[in-house]
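# Structural description and commentary
One-letter residues, chain by chain:
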Amino acid sequence: MTYVVTENCIRCKHMDCVEVCPVDCFYEGENFLVIHPDECIDCGVCEPECPADAIRADTAPGLEKWIELNAKYARLWPNITEKKQEPADAKAWDGKPDKLTLLSPNPGSG
Ligand code: SF4
Ligand code: F3S
């Protein structure tokens, strides 16, 4: 088991999660973060910290796509260990449907 970042992170990208992770296993894309499945120690500390409620245990139903995307981009994007300025319109994107189509494959600045 591991934890995964899911759809509602896209364009919200608050980054509170990276501040609490004891093993620094978050990786940063342009508008989304992912968790490295081999580095996460399943502590669950990040889950309640996300203002967008975007972090889930991978045992929750229907997360296949997100498990795949977290594993894929954790290999491609830079590690992030400190919260930065969140997007100015982060709150406006909270709960918007179909954000997967907006997921940028570009890396963040790390
Ligand atoms: Fe980090 Fe724990 Fe969250 Fe895994 S569950 S990403 S180890 S804070
Ligand atoms: Fe995303 Fe929530 Fe972290 S919006 S960047 S998973 S705090």
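Rules used in this analysis
- Residues numbered from 1 in each chain as written.
- Chains lettered and ligands numbered in written order.
- Predicted model: local features only at pLDDT ≥ 70, side-chain atom pairs only at ≥ 80, totals over all residues.
- Heavy atoms only, no water.
- Near = heavy atom within 4 Å.
- Nonpolar A, V, L, I, M, F, W, Y, C, P; charged D, E, K, R; others polar.
- Core = buried A, V, L, I, M, F, W, Y, C linked by side-chain atoms within 4.5 Å.
- Buried < 20%, exposed > 50% of the residue type's maximum accessible area, 1.4 Å probe, protein only.
- Helix = DSSP H or I, 4+ residues; strand = E, 2+ residues; numbered from the N terminus.
- Contact = heavy atoms within 4.5 Å.
- Polar contact = N/O pair within 3.5 Å; in protein donor to acceptor, adjacent residues only side chain to side chain.

This brings us to the site of ligand 2. Around ligand 2, the neighbouring residues are Val5, Cys9, Lys13, His14, Met15, Asp16, Cys17, Leu33, Cys50, Pro51, Ala52 and Ile55. Class assignment of the residues belonging to the shell around ligand 2 gives a composition of nine nonpolar, one polar and two charged.

Counting residues in each nonpolar core, the largest one holds 33 residues, and the members touching the most others are Phe26, Phe32, Leu33, Ile35 and Ile55. Within the residue set of this core, elements represented by two or more residues are strand 1 (3-5), helix 1 (16-20), strand 2 (26-28), strand 3 (33-35), strand 4 (55-57) and helix 2 (64-76). No other element matches the four residues that helix 2 contributes to this core. The residues contacting Ile35, other than those within four sequence positions of it, are Thr2, Tyr3, Val4, Val5, Cys25, Phe26, Cys40, Cys46, Ile55, Asn70 and Ala74.

The immediate surroundings of ligand 1 are formed by Tyr3, Cys21, Pro22, Val23, Cys25, Phe26, Ile35, Cys40, Ile41, Cys43, Gly44 and Cys46. Looking at the shell around ligand 1 residue by residue, the class counts come to 11 nonpolar, one polar and no charged.

Turning our attention to the environment of Arg11. In this structure, Arg11 sits in the loop between strand 1 and helix 1. Along the primary structure Arg11 and Ala90 are separated by 79 residues, whereas in three dimensions their C-alpha atoms are 6.1 Å apart. Not counting the four nearest positions on each side in its chain, Arg11 is found in contact with Asn31, Pro87, Ala90, Trp93 and Leu102.

Before going further, it helps to examine the side chain of Lys13. Its location among the elements puts Lys13 in the loop between strand 1 and helix 1. Relative accessible area serves as the criterion here: at 8%, Lys13 is assigned to the buried category. Side-chain polar atoms of Lys13 contact the backbone oxygen of Glu30, separated by 3.2 Å. Ignoring sequence-local partners within four residues, the contact set of Lys13 consists of Glu28, Gly29, Glu30, Asn31, Phe32, Leu33, Glu86 and Pro87.

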